[in-house]
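Examining the three-dimensional arrangement
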Amino acid sequence: MTTFVRLPDAQLLPHVLTYRRALAARRRQTIAAIIVLGLAIIAAFFMAEVDVLKLVANFTNFTSYLQRIFHFDSGPYTGQLVVLHPGFGTDDWFWGITKWLKLLGETLLIAYLGTAIGAAFAFIFCFHAADNLGKSRTTRWITKRLLEFCRTVPELVFALIFVVAFGVGALAGVLALAIHTAGALGKLFSEVAENIDMKPADGVIASGGNWTEMVRFAVLPQVLSNFTSYGLLRFEINVRGASIMGFVGAGGIGQELLTAIRKFYYADVSAILVLIIVTVMVIDVVTEYVRHHLTGAGR
Amino acid sequence: MKPASPPAPPGALRTQALEQRPALAIAYPQIFAPSPWRRLLTLAIIAGALGLMVFAVWELDFSWSRIWGGIGKLGDFVTHMIPPSYGTEARLVLYLKALGETLAIAFLGTLLAALFAFPMGFLAASNVVANRLVHILSRRFLDSIRAVDTLIWALIWINVVGLGPFAGVLAIMTSDIGAFGKLFSEALENLDRKASEGVVASGGNGLHRIRFALIPQVIPIFFSQVLYYFESNTRSATIIGIVGAGGIGSLLSERIRENEWPEVAFLVLLILLIVAIIDQVSSRLRLSVIGQRNVTFS
């Protein structure tokens, strides 16, 4: 029979007490956290004017809205499911395909140009913001704050301001995306640059290279594949962002979607949404494939 | 490549290194003489990317006059923005209330999304529900929710509950259910299998496995992801008002349209401040819960 070794009670007692105290402290913490969370929820309920009854009462609106956008509400097919007539004819679901594809193309171009310009600025700034490469404390601090500003202000706020400055159109959208992208990618890029192996950089400096040569020959080869991967990821995000730029008049398919939703062109809403979803998914799959390829080959 | 420029009389080390160069060149041909095809491919990719940029600029109809004119106007706006001001006291109260509303939208939206996505994540994780069809369907479902931007969801919810912050809460909730569902299910799939195997080996059923092997491992990861999204939702909630779903965005877009630049600057600073505070708070909380800084997000 096995015997269990057990401390004598006199020695055990202090341990038991310590354990109980620790447990009680933890329990108090948990209870405090729950109370704080509960209070926050209650406060938020009032501030956000949450009205569960209204939601329950109107929830049929949501389902009927979904139902309505998937049925024709005018033309010869009135009342039929849109998927029954997915053609491109004047009465079909995708009747506006030429216009929509053009706008979708514009959306993609906005996303692409915004990503490219933003990535270029991020590329210029990231080496100055990286702790191991930045030239001086001051430039590092300034670059970091600048990038922070660029990524914290939502892109739609930039878009709103730019629409006033540059006029309605894709230019405002591209610039807004570019600024946000520069901030977001600048941070990621500089983090990549901070994690490199510094030996090649020391080597270049030791053999008489200047800062630019050091970045070009020692840093760049180490970071390029990761930069491309992050850039593609950002492109994916920006496609989503560009699809709503039109809400504030900054180009792309958003304007058309907003009109369709506001004017209750139900079948159009679903058609445009389907186009956006399919495009976003295709871009996701393609960039993910390329990214896996890149990081796989990079290692 | 340039030889190192000024160094003093070539030391023994240098001569030695230079002597080794031919041998090294033979040993590592890809580095000393990269294949012309690879170079050509790189050049072609760069040329293609630049060409697409030029095409985009042409297709989107950019003109220098518009760009310069716009930059001039932007300069004007910026000079008008200084010093930022909140206008009247009544407006300050309005702004602070809108800020509170923004936070409430982000907080509730994230919380509700996490609650709904929790079971969805289990459903979409291939190591919990082994059925391939369920797995693929739930993943596609989550993907299509995610593909629709928060602002579009806001427009749809406005049709259901009317204008106001409640629509914003629902919009953030909906679009985050997609994101959380995906992140949660991926976190579940990447868990250590040993705990599950232990539970199953000692006679536990599927529910026991979820409760005692998966949930304890995954809760800290979920929590940290939720906090991270709370941060980013604070940002989303600041703009959701542009379409009428509550928060500070509606006021901001009004002030921009009215050319009230000092107040625009004040509002932007307010947003920056609140986002910075939330960042700090949530990274503290995250550190205290998971005890480390980095949890990966895709």
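What you see is a predicted model; the values in this text were computed from it and never measured. Residues take numbers from 1 onward in each chain, read along the sequence in its written order. Written order determines the labels here, with chains lettered from A and ligands numbered from 1. Two thresholds apply to this predicted model, a pLDDT of at least 70 for residue-level local features and 80 or more for giving and counting side-chain atom pairs, whereas whole-chain, interface and lining totals are computed over all residues. For the side-chain quantities, the full set of heavy atoms in the structure was used; hydrogens and water were omitted.

**A look at helix 7 (residues 150-161) of chain B**
Residue and element names in this part refer to chain B. Note the threshold: By definition, any uninterrupted DSSP run of H or I lasting at least four residues is a helix, any uninterrupted run of E lasting at least two residues is a strand, and each is numbered from the N terminus. What a helix should span is 1.5 Å times the count of its residues minus one. Each residue's exposure class comes from its accessible area (1.4 Å probe, protein chains only) as a fraction of the maximum for that residue type: buried when under 20%, exposed when over 50%, partly exposed otherwise. Between N or O atoms, a polar contact is any pair within 3.5 Å; within protein, one atom must be a potential hydrogen donor and the other a potential acceptor, and residues adjacent in sequence are included only when both atoms are from side chains.
For helix 7, spanning 12 residues, the distance from its first C-alpha to its last is 16 Å, which sits close to the expected 16 Å at 1.5 Å a residue. Taking burial as the measure, the 12 residues of helix 7 include 11 buried ones, the bulk of the element. Within helix 7, burial applies to Thr 150, Leu 151, Ile 152, Trp 153, Ala 154, Leu 155, Ile 156, Trp 157, Ile 158, Val 160 and Val 161. At the N-terminal end of helix 7, a side-chain oxygen is found 3.0 Å from the backbone nitrogen of Leu 151, two or three residues along, and the residue is Asp 149. Of the residues trailing helix 7, Gly 162 is marked for its positive phi of about 85°.

**Topic: the pattern of salt bridges**
All names here are of chain B. Keep this limit in mind: By definition here, a salt bridge exists when the distance from a side-chain nitrogen of Lys or Arg to a carboxyl oxygen of Asp or Glu is within 4 Å.
Summed over all chains, the structure comprises 17 salt bridges over all chains. The salt bridge partner of Glu 186 is Lys 182, with a shortest N-O separation of 3.4 Å. Of the two residues, Glu 186 and Lys 182 both sit in helix 8 (residues 165-189), 4 residues apart, roughly one turn of that helix. By relative accessible area, Glu 186 is classed as partly exposed at 24%. A relative accessible area of 21% means that Lys 182 is categorised as partly exposed. The network of salt bridges with common partners includes Arg 91, Glu 254, Arg 255, Glu 258, Glu 260 and Glu 263.

**A look at the interface of chain B and chain A**
Here is the rule we go by: Note on contacts: a residue pair qualifies if any of its non-hydrogen atoms lie within 4.5 Å across the two residues. The quantity reported as buried area is the accessible area (1.4 Å probe) lost by two parts once they are put together, taken as the sum for both.
The interface of chain B with chain A comprises 63 residues on the first partner and 62 residues on the second. In total, chain B and chain A occlude about 5400 Å² of area from one another, counting both sides; carbon and sulfur atoms represent 80% of this. Across the contact surface, chain B and chain A share 0 salt bridges. At the junction of chain B and chain A, the tally comes to 4 residue pairs in polar contact (both at pLDDT 80 or more). Residue contributions to the side of chain B that touches chain A peak at 9 residues, all from helix 7 of chain B.

**Concerning the domain arrangement of chain B**
Basically, it comes down to this: The source of the domain bounds is an automatic or database domain assignment.
The assigned domain composition of chain B is domain 1 (14-62) and domain 2 (89-290). Centre-to-centre, using C-alpha coordinates, domain 1 of chain B lies 43 Å away from domain 2 of chain B.

**Some words on the side chain of Ser 175 of chain B**
Residues and elements named next belong to chain B. Assignment of secondary structure puts Ser 175 in helix 8. A distance of 3.2 Å separates the side chain of Ser 175 from the side chain of Thr 150, its partner in a polar contact. What Ser 175 contacts, discounting residues up to four positions off in sequence, is Ile 145, Arg 146, Val 148, Thr 150 and Trp 153.

**Considering helix 6 (residues 132-147) of chain B**
Residue and element names in this part refer to chain B. In a regular helix each residue adds 1.5 Å, so 16 residues correspond to 22 Å; helix 6 covers 22 Å between its end C-alpha atoms and thus fits that length. Of the residues making up helix 6, those classed as buried are His 135, Ser 138, Arg 139, Leu 142, Asp 143, Ile 145, Arg 146 and Ala 147. The N-cap of helix 6, judged by a side-chain oxygen 2.9 Å from the amide nitrogen of Leu 133 a few residues on, is Asn 131.

**Remarks on unusual backbone geometry**
All names here are of chain B. Omega for the bond connecting Ile 82 with Pro 83 falls within 30 degrees of zero, at -5°, which places this linkage in the cis form. With a phi close to 65°, Asp 61 is a non-glycine residue in the positive phi region. Tracing the backbone shows Asp 61 in the loop between helix 3 (36-59) and helix 4 (64-81). Among the residues examined, Asp 61 registers a relative accessible area of 56% and is labelled exposed. Phi at Asn 259 takes a positive value of approximately 60°, unusual for a residue other than glycine. The residue Asn 259 is located in the loop between helix 11 (249-257) and helix 12 (261-290) in this model.

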